[in-house]
Structures are given as C-alpha cells and as structure tokens.
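# Coordinates in review
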Amino acid sequence: MSLLSPTKSEPNPSSGPASAPAPGSGTAGAAPAPAPAPAPASATPASPVPRLLSALREDLGVVVARDPSVRSKKEAVLHPALTALWAHRIAHRLHGRGLRIPARLLARWARRVTAVEIHPGAVLGRRVFIDHGAGVVIGETAVVGDDVTMYHQVTLGAVGWWSDNERPEGDRRHPVVGSGVVLGANATVLGPVTVGDRAVIGAQALVNKDVPCGARVLAPTAVIKEPGRRPELMEDVFTVIASAGSW
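Values in this document were obtained by computation on a predicted structure and should not be read as measured data. (Residues numbered from 1 in each chain as written. Predicted model: local features only at pLDDT ≥ 70, side-chain atom pairs only at ≥ 80, totals over all residues. Heavy atoms only, no water.)

### Re the side chain of Ser-179
- With respect to the helices, strands and loops of the structure, Ser-179 is situated in the loop between strand S8 (176–177) and strand S9 (182–183).
- A distance of 3.3 Å separates the side chain of Ser-179 from the backbone nitrogen of Asp-146, its partner in a polar contact.
- In this structure Ser-179 touches Thr-44, Gly-145, Asp-146, Val-148, Asp-197 and Arg-198, once residues within four positions along its chain are discounted. (Helix = DSSP H or I, 4+ residues; strand = E, 2+ residues; numbered from the N terminus. Polar contact = N/O pair within 3.5 Å; in protein donor to acceptor, adjacent residues only side chain to side chain. Contact = heavy atoms within 4.5 Å.)

This is the structure:
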C-alpha cells in the first residue's frame, strides 16, 4: 500500500455479512453519515540529489526514451532542453555551496542558448524531461519530483512581488510538483501550491490551487464553427484528451 494513500480497513473474514438493522432499533431512517472530506493533495518529494554524472546519464537516457524524434544518445545530446537541464544540475550545486553569482551566470547562459529559464535554487528530481523547452520558466523555490514531463512554455511561477514580498523569509513562493506529473504546453502553475503525483495539467490550463494525486486539469478546448452553422462543442474522444499535452 502506498504511503500516500489513506489506509483502508480490511474486512474480517471470520465475520458474516452485515445484517440489516432490527426493526425498532432506532437506526432505520437515520440521517446518512456525512461524506468524508477529500484527501489533501500530496506529492512525493524528489529523490536525494544523485551524483552529478549519474544524473547527467539519466537525463540523456530519458530524452531517448520519451522523444520519438530522437533515435540515439548521440542525437539526444543536441536536444535543446537537455542542455538546460545539464546546466541546471551544475548551477544548482554551485548555488547550494553559496556560489550564487557563478550559478546565476551559468543559468543566464543556459537561458540564452536554450530559451529555458530555471533558477539555480529550484530543485529538480531525477529523469525530468522537458520537451522542446522553449519558454519554460521554473522559479527559485519550485520543487519538481521524479519522472516529470513538461512541454514548451510551461511556467512554475509565483503570484507576484506584491504578495511575495510580504511572505516571511524562507517561505515557499513556487509550486511543488509530484512525481510522474505531465504538464502540457503552456500550462501555468502559480504560487505555493502542490500538484499531486501522476496528475496531468493540460495544455493552456491555469492552476493556482492544489491538485490531488492522479487528477486531470484540462482547459476548455476550442469551438469549431463551420460556415453557415452555429458553433457547436466537439464531443469526440480526441477533444476530451487534446488538452493533456502537445502530442
């Protein structure tokens, strides 16, 4: 049983089936018990930071595994988001050792080369995959779990200086993203929210509240208006899932 799921009592095999309440017992017709409150969103923390070379090898392998357009590790080396991830792995270590200026310079170089901006203070788990990469922004206090996939123009940002300047020193300003999450193209997650494990944040979706584990957050899809006809919502399966990414 997962440590993240609520415990569930197992039935006692020795006990017989539950019997109906006896007449006149006073329980018949009683008001039903209130529904339990939904479990709060939770996210598995990112794995401890692996050795640098091990992390770089995993980043390379995941590009081949998740990008159908890449046929080999040699080709994966040219993937633009991989350059951004590798630069961040090094910049994050420099940042953690107090070398903030060198870390910033490396992050600035990576942004110029790849159009991916990851603050050196952000924590990225293992096997994170950024497809295309252009326009991705990940803020300083963001935490990204293992095996996360994000597409271009994803933002893991704060809500704005007018709120963040009032927060106590050290408070989180950016999202925590659980393991196995998919963030579709142009998905925006703002503030100190939690996106639970295995959730899907669809393309164009705006999230500023916690998302439970395994949930789907889908933005409205476009309405097609044919010439001479009134616009109608599409109801086919593709429409329902089209917002889940850019595939």
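### Quick word on the pattern of salt bridges
- Per the stated rule, a full pass over the model turns up 9 salt bridges.
- Residues Asp-147 and Arg-66 are paired through a salt bridge, measuring 3.4 Å at the closest nitrogen-oxygen approach. Linking Asp-147 in the loop between strand S5 (143–144) and strand S6 (149–150) with Arg-66 in helix H1 (residues 52–66), this pair joins segments that are 81 residues apart in sequence.
- According to the relative accessible area criterion, Asp-147 is partly exposed, its value standing at 31%.
- Taking the relative accessible area as the measure of exposure, Arg-66 reaches 25% and is therefore partly exposed.
- If you follow the salt bridges from partner to partner, you end up with Glu-58, Arg-66, Arg-126, Arg-127 and Asp-147 in one network. (Salt bridge = Lys/Arg side-chain N within 4 Å of Asp/Glu carboxyl O. Buried < 20%, exposed > 50% of the residue type's maximum accessible area, 1.4 Å probe, protein only.)

### So, the nonpolar core
- In this structure, Ile-130, Ile-138, Met-150, Leu-156, Leu-183 and Ile-201 are the most contacted members of the largest nonpolar core, which totals 30 residues.
- Not counting residues within four places of it along the chain, the set of residues in contact with Leu-156 comprises Val-137, Ile-138, Gly-139, Ala-142, Val-144, Met-150, His-174, Pro-175, Val-177, Leu-183 and Val-189.
- Listed in part, the 7 residues of the second largest apolar core include Val-63, Val-70, Ala-76 and Leu-82. (Core = buried A, V, L, I, M, F, W, Y, C linked by side-chain atoms within 4.5 Å.)

### What about the packing of H1 against helix H3 (residues 80–96)?
- The geometry of H1 relative to H3 is characterised by a closest axis approach of 10 Å and an angle of 160 degrees between their N-to-C directions. Viewed along their axes, H1 and H3 adopt a mutual orientation that is roughly antiparallel. In this structure, H1 meets H3 at a crossing whose hand is right-handed. Residues Leu-52, Ala-55, Leu-56, Asp-59, Leu-60 and Val-63 of H1 form the contact with H3, whose own contacting residues are Leu-82, Leu-85, Trp-86, Arg-89, Ile-90 and Arg-93.
- By residue class, the composition of the contact of H1 with H3 is 9 nonpolar, no polar and 3 charged. (Axes fitted to C-alpha atoms, helices over the stretch in contact; angles between N-to-C directions. Parallel < 35°, antiparallel > 145°, perpendicular 65-115°, else oblique. Left-handed = near helix turned anticlockwise from the far one by under 90°. Nonpolar A, V, L, I, M, F, W, Y, C, P; charged D, E, K, R; others polar.)

### Description of the sheet that holds strand S14 (residues 216–217)
- One open sheet holds the 5 strands; their spatial order is S3-S6-S9-S12-S14, and the pairing between them is parallel. The outermost strands of the open sheet, each flanked by one partner alone, are strand S3 (129–130) and S14.
- In terms of strand pairing, S6 meets S9 through 2 bridges, oriented parallel. Residue pairing in the sheet places Met-150 in a bridge with Leu-183 of S9. (Pairing = 2+ DSSP bridges.)

### What about the packing of aromatic side chains?
- The final tally for this structure, using the stated rule, is 1 aromatic pair.
- Centre to centre, the rings of Trp-161 and Trp-162 are 5.7 Å apart; their planes meet at 75 degrees, and the pair counts as edge-to-face. As far as burial versus exposure is concerned, Trp-161 and Trp-162 are alike and both exposed. (Phe/Tyr/Trp six-rings, centres within 6.5 Å; stacked < 30°, edge-to-face > 60°.)

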